[in-house]
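Residues per chain, in single letters:
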Amino acid sequence: MDLGRLPEACYLGESSRQYLRDTESLEIKRISQVSMKELEYAQNAVGEFGEDNRTGIEGTLHRISAIRNREGKVVGLTCRVGRAIRGHIDMVQDLLQYGKSILFVGRPGVGKTTVMREIARVLSEELQKRVVIVDTSNEIGGGGDVPHPAIGGARRLHVLEPLMQHRVVIEAVENHMPEVIIVDEIGTEADVNACRSIAERGVMLVGTAHGERLKNIVENPTLCDLIGGVETVILGDQEARTRKCRKTILERKAPPTFPFCVEMRKRHYWVTHRTDRSVDLLLQGKKPLVEVRRRDKQFKVVIERWKMED
C-alpha cells in the first residue's frame, strides 16, 4: 500500500502482481488510490513499529513494514503473509540428524524464514532438542509475547533493537542452555563473531544470510568468516611448482562455522554443500561437487549426489 497509488498484491508465479481495486476508468482509479487516512487506520490497527520499521500481528506470522517520508510519517506499507508449512524441510531433514550447523542462503522471498520455523518445530518436537530462537523481527515466532504454535516446543528470545542481535545470541547460550540456536538474517560483523563463538562451544547453529550462492558468502568480507574466512598465502618457489599455481594464492584460514551450506535457489530446488570442501575448491577456481535436492512433479524429494555445480 503506497500513498496515492492503487493497492496491489504480489504473488509468486507468472501473474505476480494484481491490483486490489477497480481500475476501469480514470475517475474510479483516482478514487481507489490509497489515502493517508487509510494508512493511518492500518497503522493504528497493527500498533507501533520498531526501530527497523517492522511490526507483526499478534497470534499470526504476518509481517508489516513501513515506508516513511523525511518527516517520519508512514507513506507506505508492505504486508507480508507468513505461513507455517509442515513438511517444508523434507529436502534437508537428513542433515538435521548429524547435529552440525547449517547455513541457508538465498534471495529474499525464497522461503528461508519458513524453513527456519519448520526446523525449529522438527528439532524441538521430533528430535527432542532444546531449541532457542533469536527472533529479531518476530518473523519466525510471530507477533506477541506467546510464540506461534508453528515453532513447536522451541523457546523464543525477543531482540529490542536489530543491532543487539549478537548480544542476544550470546545471552541465549549463557543463560538458557540450548542445544540448538536459530538465527535469521546474519548480517553484521558482530553477528558473525557471535556465531563463531557459539560454534566453538559445541552448540548447533541454524542460520540464514542474504546471498544467492555460497560464492557470494566467500566474496563478502563481512560474512566470509561464517565459512572459515579467506587469507592470502605466499608459497615458496618449490611449493608453487609442486602445486602448479601462482606463488600468491587464497586459502581458507579456519574451519567453517557452518559445516553445511544450503543454497535455496528456488522454493523446490536446493543445492547442498559440504562447506569446507566447496570453499577450498572455489578458492582454487574449481567447481565444487554438490548435492542437488529438488521436488519432482509429484512433489517427491529427489536427491542427486555429488554433481558438478552448474
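As shown above, the structure is provided for reference.
Since the model is a prediction, treat every value here as computed from it, not as a measurement. (Residues numbered from 1 in each chain as written. Predicted model: local features only at pLDDT ≥ 70, side-chain atom pairs only at ≥ 80, totals over all residues. Heavy atoms only, no water.)

Novice: Could you clarify how one ought to interpret the overall build of the protein chain in this entry?
Specialist: The secondary structure content of the protein chain amounts to nine helices and 16 strands. Along the first, second and third principal axes, the C-alpha set of the protein chain runs to 80 × 45 × 45 Å. Counting over 310 residues, the protein chain shows a buried share of 41%. In the protein chain, the proportion of contacts linking residues at least 24 apart, taken out of those at least 6 apart, comes to 55%. Accessible surface for the protein chain amounts to roughly 17400 Å². Of this, 49% is attributable to carbon and sulfur atoms. Separation of charge centres in the protein chain, based on 49 positive and 45 negative side chains, amounts to 5 Å. (Helix = DSSP H or I, 4+ residues; strand = E, 2+ residues; numbered from the N terminus. Buried < 20%, exposed > 50% of the residue type's maximum accessible area, 1.4 Å probe, protein only. Contact = heavy atoms within 4.5 Å. Areas by Shrake-Rupley, 256 points an atom, 1.4 Å probe, with all protein chains shown as cover. Lys, Arg positive; Asp, Glu negative; His and termini not counted. Charge placed at Lys NZ, Arg CZ, Asp CG, Glu CD.)

Novice: Quick question: what am I supposed to make of the packing of helix 5 (residues 165–176) against helix 6 (residues 189–200) here?
Specialist: What describes two packed helices is the angle between their axes and the distance between those same axes. Across the interface, helix 5 lies against helix 6 with an axial gap of 8 Å and an inter-helix angle of 15°. With respect to helix 6, the element helix 5 is oriented roughly parallel. Pair helix 5 / helix 6 crosses with left-handed handedness. Contacts from Gln 165, His 166, Val 169, Ile 170 and Val 173 in helix 5 reach Ala 190, Asp 191, Ala 194, Ser 197 and Ile 198 in helix 6. Looking at side-chain class alone, the contact of helix 5 with helix 6 contains six nonpolar, three polar and one charged residues. (Axes fitted to C-alpha atoms, helices over the stretch in contact; angles between N-to-C directions. Parallel < 35°, antiparallel > 145°, perpendicular 65-115°, else oblique. Left-handed = near helix turned anticlockwise from the far one by under 90°. Nonpolar A, V, L, I, M, F, W, Y, C, P; charged D, E, K, R; others polar.)

Novice: I tried to follow the environment of Ala 84 on my own but got confused; where do I start?
Specialist: Note that Ala 84 resides in the loop between strand 5 (74–80) and helix 3 (93–96). A relative accessible area of 45% means that Ala 84 is categorised as partly exposed. The spacing of Ala 84 and His 148 is 64 residues in sequence and 9.3 Å in space, taken between C-alpha atoms. Setting aside anything within four residues of it in sequence, one finds Ala 84 in contact with Leu 61, Arg 117 and Ala 150.

Novice: Where do I start with the pairing of strand 14 (residues 269–274) in this structure?
Specialist: Two faces, one strand: in a regular strand the side chains alternate between the faces of the sheet. Where strand 13 (residues 260–266) and strand 14 come together, six bridges link them in antiparallel fashion. Bridging from a neighbouring strand, Val 262 pairs with Thr 272 of strand 14. Linkage of strand 13 to strand 14, two consecutive antiparallel strands, is achieved through a turn of two residues. As paired strands, strand 14 and strand 15 (residues 289–295) are joined by four bridges and run antiparallel to one another. The residue bridging Val 271 from the neighbouring strand is Val 292, located in strand 15. (Pairing = 2+ DSSP bridges.)

Limitation: the analysis is restricted to geometry and does not speak to function.
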